[in-house]
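# Overview (structure and organization)
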Amino acid sequence: MRNAWGLFDLAVMDAEPATTGAAGLIARLRGKLTGGSSEASLTRRLAGTIFVIRVISAGLAYVSQVLLARWMGTSDYGVYVYVWTWVLLLGSMMDFGISASAQKIIPEYRTGGEHALLRGFLSGSRWLTFAVSTLVSLALAGIVRLLSPWIDPAEVLPLYIGCMTLPAFVVANTQDGIARSHDWMQLGLMPQFIIRQALIIGITACAFLLGYHLGAVAAMVASAAAVWIAMTGQMVVLNRKLADHIEPGPKAYDISGWLAVSLPILLVESFYLLLSYTDVLVLQQFRPSDEVGVYFAVVKTLALVSFIHYAMSATTAHRFAEYNASGDKARLSAYVAHAINWTFWPSLAATIVLLALGKPLLWLFGPQFTVGYDIMFVAAIGLVVRAAIGPVERLLNMLGQQKICALAYALAFVMNVVLCIALGPRYGGHGAAAATSISLTFETVLLFWIVRQRLGLHVLAFGR
């Protein structure tokens, strides 16, 4: 049965008393609002927690970006955005996909009673990602050194600082995946999205008040310090919680098995991230830094829509794997429908609100940023279209369809690069936004078709 929003009453997951009349209606409404103890209710509560964290994070990020833009000016701010985008992109890719695959590996180890492998993964995955990310960061610093004659001098030192940031960023991502697999959403997300943002604001504000020149270098130093501090605190708390939750015992390390699961997921995550950041990176190559800063402000303003998709993805992935491992296909199907509807309709509502308030929100960055208001409408199209199928990329990854999912993202990424290069130099931010929206629409159609063909599931928020 569907209500006016098209949201499923999940009979398989939310068995409710067969009461009728006003009392039954009140009981059902109370169940929807207060949650209950079922998987669907738990998912809504956890997704709500994640969404609240991301909204608070968005507020802090918005404050930090507004302050940085005003303190630094559009040119320095554009350099900072460019370097920080590289940190976000590379840092999210350098964990081999383990932060995402943890949500498949941990539930399977728990379901199968493989406690030694579970203990080995909880510690070994972090050491592995730290060691490799450190080596890669040193190699990247060497590349910056070799290419420095051809790089804008204002970007060289910020890029070195970005390389120093990457190992902590990667370990934090890995710990996030471990925490989410245990439903510790606050521990997984707050260090990265709230504590880190608060530290960036605090450090840069102190530097500004003390009279230091707040350019791209100072902003990157503040960001690097925030990443390392937040990651270290998260590690201490996570270790304590795991010690209480997991009984001590021998550890087994199946690194090849972890990579066999993680690397295909890494391809999916990498192409998704490339698709997300290609517009900013390509725009930086062809347009002035001040235009990049305006475009980035537009992207930040629309971030609330992506947060809803992220919240459902982070909450549902390990449950997809758990239901599939236990062979409960009916519960899996109902849970997928639930996740899709609770992704699309809130995303649509958020988009409408943000477009209505877009100009004053952009003005907060500075009066010159309001020129990007028209770009918001173009960029919003792709976000709404993607939300219509919910977190199906996580569904495919958790059910062993990583390779075909990676192919879909690769095709969408290639399309985005081509369109950004074709449209960005001539149309600036409007062209980059159009390229990304077209690519996201193409990706959505591909994923819908793949899930329909491979899993036999309908994954659209409306229709049958």
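Everything here concerns the structure above.
In this report, we go over the structure that sits alongside the text. Computed from a prediction, not measured in an experiment: that's the story for all the values here.

### Brief notes about empty space enclosed by the protein
The full count for this structure, using the stated rule, is three cavities of 30 Å³ or more. Of the voids in this model, the second largest cavity is the one considered here, and its volume is about 50 Å³. Broken down by secondary-structure element, the contributors of at least two residues to the lining of the second largest cavity are helix H2 (39-93) and helix H6 (185-209). Ranked by residue count, the leading element in the lining of the second largest cavity is H2, at four residues. Of the residues assigned to the lining of the second largest cavity, the class counts are three nonpolar, three polar and one charged.

### Comments concerning the packing of helix H3 (residues 98-112) against helix H4 (residues 115-147)
It is the contact of H3 with H4, at a shortest axis distance of 10 Å, that shows an interaxial angle of 165 degrees. With respect to their mutual orientation, H3 and H4 come out roughly antiparallel. Remark: the crossing between H3 and H4 carries right-handed chirality. Residues Ile98, Ala102, Ile105, Ile106, Tyr109 and Arg110 of H3 pack against Leu117, Leu118, Phe121, Leu122, Ser125, Leu128 and Thr129 of H4. Residues that form the contact of H3 with H4 fall into these classes: 10 nonpolar, two polar and one charged.

### A look at the nonpolar core
Tyr77, Tyr80, Leu302 and Phe365 are the most contacted members of the largest nonpolar core, which has 68 residues in total. Among the elements that take part in this core, H2 stands out by supplying 15 residues, more than any other. Residue-level mapping places this core at the junction of two domains, with at least three residues from each of domain 1 (39-253) and domain 2 (277-463). Filtering out sequence-adjacent residues up to four positions away, Tyr80 remains in contact with Gln65, Leu68, Met72, Ala216, Ala219, Met220 and Ser223. Counting 52 residues, the second-largest nonpolar core is a separate cluster that includes Tyr109, Leu187, Leu242 and Cys405.

### Some details on helix H9 (residues 289-301)
Between its first and last C-alpha, H9 extends 18 Å over 13 residues, near the 18 Å set by a 1.5 Å rise per residue. For H9, the set of buried residues is Ser289, Val292, Gly293, Val294, Tyr295, Phe296, Ala297, Val298 and Thr301.

### Overview of unusual backbone geometry
Despite not being glycine, Phe96 has its phi angle at roughly 65 degrees, a positive value. Looking at the secondary structure, you find Phe96 in the loop between H2 and H3. In the Ramachandran plot, Asp183 falls in the positive-phi region, its phi being about 65 degrees despite a non-glycine side chain. Mapped onto the elements of the fold, Asp183 is located in the loop between helix H5 (153-181) and H6. By relative accessible area, which is 26% here, Asp183 ends up partly exposed.

The rules behind each value
Residues numbered from 1 in each chain as written. Predicted model: local features only at pLDDT ≥ 70, side-chain atom pairs only at ≥ 80, totals over all residues. Heavy atoms only, no water. 1 Å grid on protein atoms, 1.4 Å probe; cavity = no way out; pocket = protein on both sides within 12 Å on 5 of 7 lines; lining within 4 Å. Points joined across faces, edges and corners; volume = space filled by probe spheres on them. Helix = DSSP H or I, 4+ residues; strand = E, 2+ residues; numbered from the N terminus. Nonpolar A, V, L, I, M, F, W, Y, C, P; charged D, E, K, R; others polar. Axes fitted to C-alpha atoms, helices over the stretch in contact; angles between N-to-C directions. Parallel < 35°, antiparallel > 145°, perpendicular 65-115°, else oblique. Left-handed = near helix turned anticlockwise from the far one by under 90°. Contact = heavy atoms within 4.5 Å. Core = buried A, V, L, I, M, F, W, Y, C linked by side-chain atoms within 4.5 Å. Buried < 20%, exposed > 50% of the residue type's maximum accessible area, 1.4 Å probe, protein only. Domains from an automatic or database assignment. Expected span 1.5 Å × (residues − 1).

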